[in-house]
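One-letter residues, chain by chain:
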Amino acid sequence: CVSFETEVPDLENFRERVRKISEAYPYLVCEFDGKVIGYAYASRHGERAAYKYSVNVSVYVSPEHQRQGVGRMLYLRLFELLLKRGFYTAYAGITVPNEKSEKLHRSLGFNLVGIYHNVGYKHGKWLDVMWLEKPLREYGTPRQ
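For the structure given in this document, a descriptive report is provided here.

What counts, and where the lines are drawn
- Residues numbered from 1 in each chain as written.
- Predicted model: local features only at pLDDT ≥ 70, side-chain atom pairs only at ≥ 80, totals over all residues.
- Heavy atoms only, no water.
- Salt bridge = Lys/Arg side-chain N within 4 Å of Asp/Glu carboxyl O.
- Helix = DSSP H or I, 4+ residues; strand = E, 2+ residues; numbered from the N terminus.
- Buried < 20%, exposed > 50% of the residue type's maximum accessible area, 1.4 Å probe, protein only.
- Pairing = 2+ DSSP bridges.
- Right-handed = clockwise from strand over helix to strand, strands pointing away.
- Phe/Tyr/Trp six-rings, centres within 6.5 Å; stacked < 30°, edge-to-face > 60°.
- Lys NZ or Arg CZ within 6 Å of the ring centre and 35° of its normal.
- Axes fitted to C-alpha atoms, helices over the stretch in contact; angles between N-to-C directions.
- Contact = heavy atoms within 4.5 Å.

Turning next to the pattern of salt bridges. Inspection of every chain in the model, using the stated rule, returns seven salt bridges. The salt bridge involving Glu102 is made with Arg106; its shortest N-O contact spans 3.1 Å. With a gap of four residues between them, Glu102 and Arg106 both fall in helix α3 (residues 99–107), about one helical turn apart. Judged by relative accessible area, which is 24%, Glu102 ranks as partly exposed. Among the ionic contacts, a cluster of salt bridges with common partners joins Glu16, Arg19 and Glu23.

This part covers the pairing of strand β3 (residues 54–61). Examined bridge by bridge, strand β2 (residues 35–44) and β3 share seven bridges and lie antiparallel to one another. Within the sheet, the bridge partner assigned to Ser43 lies in β3 and is Asn56. Sheet topology note: the β3/strand β4 (residues 89–96) ladder contains three bridges and is parallel. Note on β4: the bridge partner recorded for Asn56 is Tyr91. Note on the crossover from β3 through helix α2 (residues 70–84) to β4: the handedness is right-handed.

Overall, the coordinates contain 13 aromatic pairs when judged by the stated rule. Geometrically, the ring pair formed by Tyr75 and Phe79 is stacked, given 5.1 Å between the ring centres and 20 degrees between the ring planes. Here Tyr75 and its partner Phe79 are both found in helix α2, four residues apart, which amounts to about one turn of the helix. Side by side, Tyr75 and Phe79 carry an identical accessibility label, which is buried. Measuring from ring centre to ring centre gives 6.1 Å for Tyr116 and Trp131, while their planes differ by 50 degrees; the resulting arrangement is tilted. Here the residue Tyr116 occupies a position in strand β5 (residues 111–122), and Trp131 occupies one in strand β6 (residues 125–135), the gap between them amounting to 15 residues. The exposure class assigned to Tyr116 is partly exposed, which follows from its relative accessible area of 48%. Among the aromatic side chains, those forming a connected cluster through ring pairs are Phe14, Tyr27, Tyr39, Tyr41 and Tyr60. Taking the ring centre of Tyr88 as reference, the NZ or CZ of Arg137 above it sits at 5.1 Å.

Here we have six strands laid out as an open sheet, ordered β1-β2-β3-β4-β6-β5, and mixed in their pairing. Strand pairing shows two members of the sheet lacking a second neighbour, β1 (27–32) and β5, which therefore form its edges. Adjacent strand axes in the sheet meet at a mean angle of 25 degrees, parallel and antiparallel pairs treated alike. Looking at chain direction, β1 and β2 are connected through six bridges and run antiparallel. Looking at β2, one finds that Val29 is bridged to Tyr39. Here α3 sits on the sheet and contacts β3, β4, β5 and β6; the angle it forms with β4, its principal contact strand, is near 160 degrees.

Below is the structure:
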């Protein structure tokens, strides 16, 4: 239940998502022995103009490669790229419970914003999403 997908997207659909996100935000992929083992990306946080300094972020690491530093490496590089692009705050949503993901995010400086209770329904149960935030830089007047 870590993803709110109800059906696995086909390869072409996934490629199109990556292409569309990459037009405006970083999308990183980690490969090992020619196989994708993880990815991290940023996406729009909100539609209104004042949200333009905030982003949503997400990371995924295949189960067999978790707890090896892949997620941390992807996120650290993503944060570097987001800083260069002028972003101030990153937000992450985690389906709970998910102790591994929560631990990773907290170790990287994310703090709890709140929990959306029963926000999604999948596999016969209602799911909660914990929202966390991470300041990427000190807050001041943004460059235009």
